[in-house]
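Structure at a glance
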Amino acid sequence: MAFGTSGHRGSSFKLAFNEWHILAITQAICLYRKRQNISGPLYLGIDTHALSVPACATALESAGGKWRRGDARRRDEYTPTPVISHAILTYNRGSQKGLADGIVITPSHNPPHDGGFKYNPPSGGPADTVVTSWIEAKANALLEARLKGVKRISHAQALRAATTHRHDYSQPLCC
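I will try to describe carefully the structure that is included in this document. Model, not experiment: these values are computed from the prediction.

1. Details of the overall build of the protein chain
The number of helices and strands found in the protein chain is five helices and seven strands. When the helices and strands of the protein chain are listed from N to C terminus, the series reads β-β-α-β-α-β-α-β-β-α-α-β. Taken over 175 residues, the protein chain has a buried fraction of 50%. Long-range pairs, those at least 24 residues apart, make up 77% of the contacts in the protein chain with a sequence separation of at least 6. With the model as given, the accessible surface of the protein chain reaches about 8,800 Å², and the carbon-plus-sulfur share is 55%.

Shown next as structure tokens:
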């Protein structure tokens, strides 16, 4: 699996974007967050591509059982990448600890049959190549290990988890 600008994109028809990819990338992002001491909310958004909704469910199943601090925020609506960036920047304004970051499930401008998974660090913008290279290497190692070390809970458990919160991106985050 290869990463481009801020994340991974690929065709499900060519087995370049599938459930194992989502599980491995989500686990790698969780490991990256832990390594970087990113303990605030992880904002999650999806676009209108056909693969985004099932990829979101898989990401929640993987991420839902991992957060010891922070939370995953989502709402069942389509969310443009800039909205996730805005949520991250607004939450992090004036903070040095407990920072937020985000995932946007989108292949951006790729064809409809493609899927994509982008990571936005606490800066709110696209992840740079240092970050994506680290996540890519960890995700590929998890794939090579046939997902050994990837924890997963049911979708229902993920939605009920104390670490999963719905967030209305149309409302202001602060005063």
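2. Some points on the pairing of strand S2 (residues 7-11)
Here S2 lies mainly inside the structure; four of its five residues are buried. Hairpin connection from strand S1 (residues 3-4) to S2: two residues lie between these consecutive antiparallel strands, with Ser6 at a positive phi of about 60 degrees. For S2 and strand S6 (residues 114-120), the ladder comprises five bridges, and the chain directions are antiparallel. Within S6, the residue paired with His8 across the bridge is Phe117.

3. Describing the side chain of Ser6
As for its position among the elements, Ser6 is in the loop between S1 and S2. Ser6 has contacts with Phe117, Lys118, Tyr119, Pro126, Ala127 and Thr132, leaving out every residue within four places of it along the chain.

4. A look at the side chain of His8
In this structure, His8 sits in strand S2. The buried category is assigned to His8, whose relative accessible area is 3%. Of note is the side chain of His8, whose polar atom sits 2.7 Å from the backbone oxygen of Ala16. Those residues within four positions of His8 in sequence are excluded, and the remaining contacts are Met1, Ala2, Phe3, Ala16, Phe17, His21, Ile25, Gly115, Gly116 and Phe117.

5. Overview of helix H1 (residues 19-36)
In this model, H1 (18 residues) spans 26 Å end to end at C-alpha, consistent with the 26 Å of a helix rising 1.5 Å per residue. A distance of 3.0 Å separates the backbone nitrogen of Trp20 from a side-chain oxygen at the start of H1, and that oxygen is part of Asn18. Backbone geometry just downstream of H1 places Asn37 in the positive-phi region, at approximately 55 degrees.

6. Topic: the pairing of strand S5 (residues 101-105)
When you tally the buried positions in S5, you get five out of five residues, the bulk of the element. Burial of the side chains of S5 extends over both faces: Asp101, Ile103 and Ile105 are buried on one face and Gly102 and Val104 on the other. The pairing of strand S3 (residues 42-46) with S5 spans five bridges and is parallel. Each bridged residue has a counterpart across the sheet, and for Leu44 the counterpart in S5 is Ile103. Sheet topology places S5 next to S6; three bridges connect them, and they run antiparallel.

7. Looking at the packing of H1 against helix H2 (residues 52-63)
At a closest axis distance of 9 Å, the pairing of H1 and H2 adopts a crossing angle of 45 degrees. Taken together, H1 and H2 sit at an angle that is classed as oblique. Both H1 and H2 take part in a crossing whose hand is right-handed. Counted together, Glu19, Ile22, Leu23, Thr26, Gln27 and Cys30 of H1 and Ala55, Thr58, Ala59, Ser62 and Ala63 of H2 form the full contact between these two elements. Classifying every residue of the contact of H1 with H2 gives six nonpolar, four polar and one charged.

8. Considerations on the packing of aromatic side chains
On inspection of all chains with the given rule, the structure shows three aromatic pairs. With centroids separated by 6.4 Å and ring planes inclined at 70 degrees, the aromatic side chains of Tyr43 and Tyr91 adopt a geometry described as edge-to-face. Pair noted here: Tyr43 is in strand S3 and Tyr91 is in helix H3 (residues 81-92), with a separation of 48 residues, a long-range link. Classification of Tyr43 as buried rests on a relative accessible area of 1%. What makes Tyr91 partly exposed here is its relative accessible area of 36%.

Conventions and cut-offs
Numbering of residues starts from 1 in every chain and runs along the sequence as written. With the structure being a predicted model, the display of local features is reserved for residues of pLDDT at least 70 and the display and counting of side-chain atom pairs for 80 or more, all residues being used for whole-chain, interface and lining totals. Hydrogens are left out, water is left out, and the side-chain values use all remaining heavy atoms of the structure. Secondary structure elements are taken from DSSP: a helix is a run of H or I of four residues or more, a strand is a run of E of two residues or more, and numbering for both begins at the N terminus. Relative accessibility decides the category of a residue: with a 1.4 Å probe and only protein chains considered, values under 20% of the type maximum give buried, values over 50% give exposed, and everything between is partly exposed. Only heavy atoms matter for contacts: two residues are in contact if any of them lie within 4.5 Å across the pair. Accessible areas in this description were obtained via Shrake-Rupley with a 1.4 Å probe; residue shielding takes into account the shown protein chains only. Any two strands with at least two DSSP bridges between them are considered paired. Polar contact is the term for a pair of N or O atoms within 3.5 Å; when the atoms are in protein, one must be able to donate a hydrogen and the other to accept it, and sequence-neighboring residues count only if both atoms are side-chain atoms. Helix span, expected: 1.5 Å multiplied by one less than the number of residues in the helix. Fitted lines through C-alpha atoms give the axes, limited to the stretch in contact for helices. The angle between two N-to-C directions lies from 0 to 180 degrees. To sort the angles, those under 35 degrees are grouped as roughly parallel, those over 145 as roughly antiparallel, those from 65 to 115 as roughly perpendicular, and the leftovers as oblique. Take the far helix as your reference; a near helix turned counterclockwise from it by less than a right angle gives a left-handed crossing, and one turned clockwise gives a right-handed crossing. Here the term charged refers only to Asp, Glu, Lys and Arg, the term nonpolar to Ala, Val, Leu, Ile, Met, Phe, Trp, Tyr, Cys and Pro, and the term polar to all other amino acids, Gly among them. Classification of ring pairs uses Phe, Tyr and Trp, with its six-membered ring standing for Trp, and accepts pairs whose centres are within 6.5 Å; under 30 degrees between planes counts as stacked, over 60 as edge-to-face, and the remaining range as tilted.

Nothing here speaks to function; it is geometry throughout.
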